[in-house]
Amino acid sequence: MASGLLISLEGVDGAGKTTIARRLVRWLRGRGVEARYTREPTGGPYGRLLRRLAHGRRVDPRVEALLFAADRLYHLERVVEPLLGEGYVVVSDRYLHSSLAYQGASVGDLGWVEELNRFARRPDLGILLDVRPEVGLGRLRGRRSRFEREEFLGRVREVYLRYVDRGDLLRVDAEKPLEEVFSEVAGIVEDLLRLA
Ligand code: TMP
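The paragraphs below set out a description of the structure included in this document. (Residues numbered from 1 in each chain as written. Predicted model: local features only at pLDDT ≥ 70, side-chain atom pairs only at ≥ 80, totals over all residues. Heavy atoms only, no water.)

**Here we look at the site of the ligand**
Taken together, D13, R39, E40, P41, F68, R72, R94, S98, S99, Y102, Q103 and R149 make up the full set of residues near the ligand. Contacts to the ligand include Q103, whose side-chain N or O atom sits 2.8 Å from a nitrogen atom. A distance of 3.3 Å separates an oxygen atom of the ligand from a polar side-chain atom of R149. Here the ligand has 470 Å² of accessible area as a free molecule, and 80% of this is covered by the chains. (Near = heavy atom within 4 Å. Polar contact = N/O pair within 3.5 Å; in protein donor to acceptor, adjacent residues only side chain to side chain. Areas by Shrake-Rupley, 256 points an atom, 1.4 Å probe, with all protein chains shown as cover.)

Encoded structure:
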């Protein structure tokens, strides 16, 4: 493959992105495809700052939007683009549409968040692992499903679904058993590789 492919896995908290992403990478490697797992927020300077801020006082959502956009450009430059240049299939556990959905919902100005992310390349394939927030939150041990979080994630999900309607994300029903979710995702990726 001359240049690689960028696949993003998206969804609200507890959708199963990390499990599916890691498994997808193993599955690709098992088929002789060079693949790498990566994630956002990254472990780089902006990602670390975001994580630190998440533990402190509430941050202005506009500042968060700027930092997530900065972290994404860092991720692209340092990790994603070099791998794509070497022909890897890069599987990103959250990417561009996390900002559009989460910061779109928290800032309330989707156009501005899109503008901030104008320089981030679109994924070649974006998959929404779609679960209702109450289902996602219910899966997360240790994190109680607070009403406020559930309400927010409901709005996040609505924005994600808008990108499904536009054809930018493919929706997979992630409330189904893991095996079924994975085989649907693998089928989509297999089709993509066949075309690539
Ligand atoms: P994680 O739970 O996948 O580790 O992600 C950490 C949190 O960061 C999660 O609540 C979603 C949030 N997030 C955004 O709000 N915008 C973004 O662009 C990204 C990548 C993550």
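**Looking at the packing of helix 2 (residues 45-54) against helix 3 (residues 61-85)**
The description of two packed helices rests on the angle between their axes and on the distance between the axes. Between helix 2 and helix 3, whose axes approach to 8 Å, the crossing angle comes to 150°. Judged by the inter-axis angle, helix 2 sits roughly antiparallel to helix 3. Taken as a pair, helix 2 and helix 3 cross one another with a handedness that is left-handed. Contacts between helix 2 and helix 3 involve P45, Y46, G47, L49, L50 and L53 from the first element and E64, L67, F68, A70, D71 and Y74 from the second. (Axes fitted to C-alpha atoms, helices over the stretch in contact; angles between N-to-C directions. Helix = DSSP H or I, 4+ residues; strand = E, 2+ residues; numbered from the N terminus. Parallel < 35°, antiparallel > 145°, perpendicular 65-115°, else oblique. Left-handed = near helix turned anticlockwise from the far one by under 90°. Contact = heavy atoms within 4.5 Å.)

**Quick notes on the environment of V12**
By secondary structure assignment, the location of V12 is in the loop between strand 1 (5-10) and helix 1 (17-30). For V12, a relative accessible area of 2% translates into the label buried. Each C-alpha atom, one on V12 and one on Y95, is 12 Å from the other, the two residues being 83 residues apart in sequence. Those residues in contact with V12 that sit more than four places away from it in its chain are K17, R94, Y102, V131, P133, L153, V156, R157 and Y160. (Buried < 20%, exposed > 50% of the residue type's maximum accessible area, 1.4 Å probe, protein only.)

**Looking at the pairing of strand 4 (residues 125-130)**
Most of strand 4 is tucked away, with six of its six residues classed as buried. Bridge analysis of strand 4 against strand 5 (residues 170-173) gives four bridges, and the strand direction is parallel. Within strand 5, the position partnered with D130 by the bridge is D173. (Pairing = 2+ DSSP bridges.)

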